[in-house]
Amino acid sequence: MTADVLYRHTDFLALNKPAGASMHSEDGPGWVVAVSRALGESLLPVHRLDRATSGLVLLARHRDAAAALGELFAGRRIDKTYLGISARRPVKKMGLVAGDMVRSRDGNWRLTRDQQHPALTSFISAAAGDGRRAFWLKPWTGRTHQLRVAMKAMGAPLLGDERYGGAPAARLALHAWTLSFLWQGEMMHCLAPLPSDDAFVHPVFQDQAREWLALQQSDATPHPAAHWTRPADALLARVGMEDDTWQ
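Residues numbered from 1 in each chain as written. Predicted model: local features only at pLDDT ≥ 70, side-chain atom pairs only at ≥ 80, totals over all residues. Heavy atoms only, no water.

A. Examining the confidence of the model for the chain more closely. Looking at the chain, pLDDT values average 90 and 92% of them are 70 or higher. Here residues 220-226 scores under 50 on pLDDT; set against residues more than four positions off or in separate chains, the count is 11 contacts. (pLDDT = per-residue confidence, 0-100. Contact = heavy atoms within 4.5 Å.)

B. Expanded view of the pairing of strand β10 (residues 132-139). Judged by how many residues are buried, β10 sits mostly within the fold: seven of eight residues are covered. Across five bridges, the pairing between strand β5 (residues 79-86) and β10 is antiparallel. Residue pairing for β10: glycine 84 is matched across the bridge by phenylalanine 135. The loop that links strand β9 (residues 119-129) with its antiparallel partner β10 comprises two residues; one of these, aspartate 130, has a positive phi angle of about 55°. (Buried < 20%, exposed > 50% of the residue type's maximum accessible area, 1.4 Å probe, protein only. Helix = DSSP H or I, 4+ residues; strand = E, 2+ residues; numbered from the N terminus. Pairing = 2+ DSSP bridges.)

C. Highlighting the side chain of glutamine 146. As for its placement among the helices and strands, glutamine 146 is situated in helix α3 (residues 146-153). You can call glutamine 146 buried: its relative accessible area is 4%. Ignoring any residue separated from it by four or fewer positions in sequence, one finds glutamine 146 in contact with Met101, Ala119, Leu120, Thr121, Pro139, Trp140 and Thr141.

D. Fine view of the environment of threonine 144. Within the element layout of this structure, threonine 144 appears in the loop between β10 and α3. Considered as a pair, threonine 144 and alanine 119 are 25 residues apart in the sequence and their alpha carbons are 9.7 Å apart.

E. Summary view of the nonpolar core. Counting 25 residues, the largest nonpolar core has Trp31, Leu59, Tyr82, Phe135, Leu137, Met151 and Leu174 as the members making the most contacts within it. Leu58, Ala65, Ala66 and Cys190 belong to the second-largest nonpolar core, a separate cluster that totals 19 residues. (Core = buried A, V, L, I, M, F, W, Y, C linked by side-chain atoms within 4.5 Å.)

F. Region of the structure containing unusual backbone geometry. With a phi angle near 55°, glutamine 184 is a residue other than glycine that sits in the positive phi range. Mapped onto the elements of the fold, glutamine 184 is located in the loop between β11 (174-183) and β12 (186-191). For glutamine 184, a relative accessible area of 66% corresponds to the exposed category. If you check the backbone angles, aspartate 198 has positive phi at about 55° while not being a glycine. Along the chain, aspartate 198 turns up in the loop between β12 and α4 (203-217). Aspartate 198 sits in the partly exposed class, given a relative accessible area of 32%.

Structure follows, in structure tokens:
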């Protein structure tokens, strides 16, 4: 489980991080250290996922690759999609969530109406079975807790995200699903399998995920699916510096 390698390249590995695994070494060796030990090589993180989030993580195999991949993430030249599940319906079926993110008094993040340096997230929702809603999420920016805060702003906090008002569940229902990027003249497409636990295993959700994946793979452009609400260029120009690269 700690070293679930999905894709091997001479410059990097794509791995499937389990929910609950911390990338940082806190009370003990973190997931990155554990993976490096299991595979017998020193791997370098170039971006991060929250402890509670599962799915795709790229780890560089040498310092030059780490620097180049870090620049791609910081420059928003890596296309990312996530899958989420909520127990509530969003205020609208699809669209763009945009706004500045600020710290609340309780230490959580919240979305404001200001758009000086906005976090930008496109989304589509559909039935997930058992009254739940499935979400296909595309972050155009990479801010701490961005998707969790966007879901709360839509009135549909993620299942298992009690920090932001989500219904209780065994795990946070957020999964880093795909990564696409140009590497040395070749387009890379990485896909993480669907989680095999909790609401992700419902047949309705899995059918919907297959439909979304087919739609995504039908378009050769780096930003798939005509349904995505692309932010205006003027809005993208104001996003400021990214913070989802490794810190």
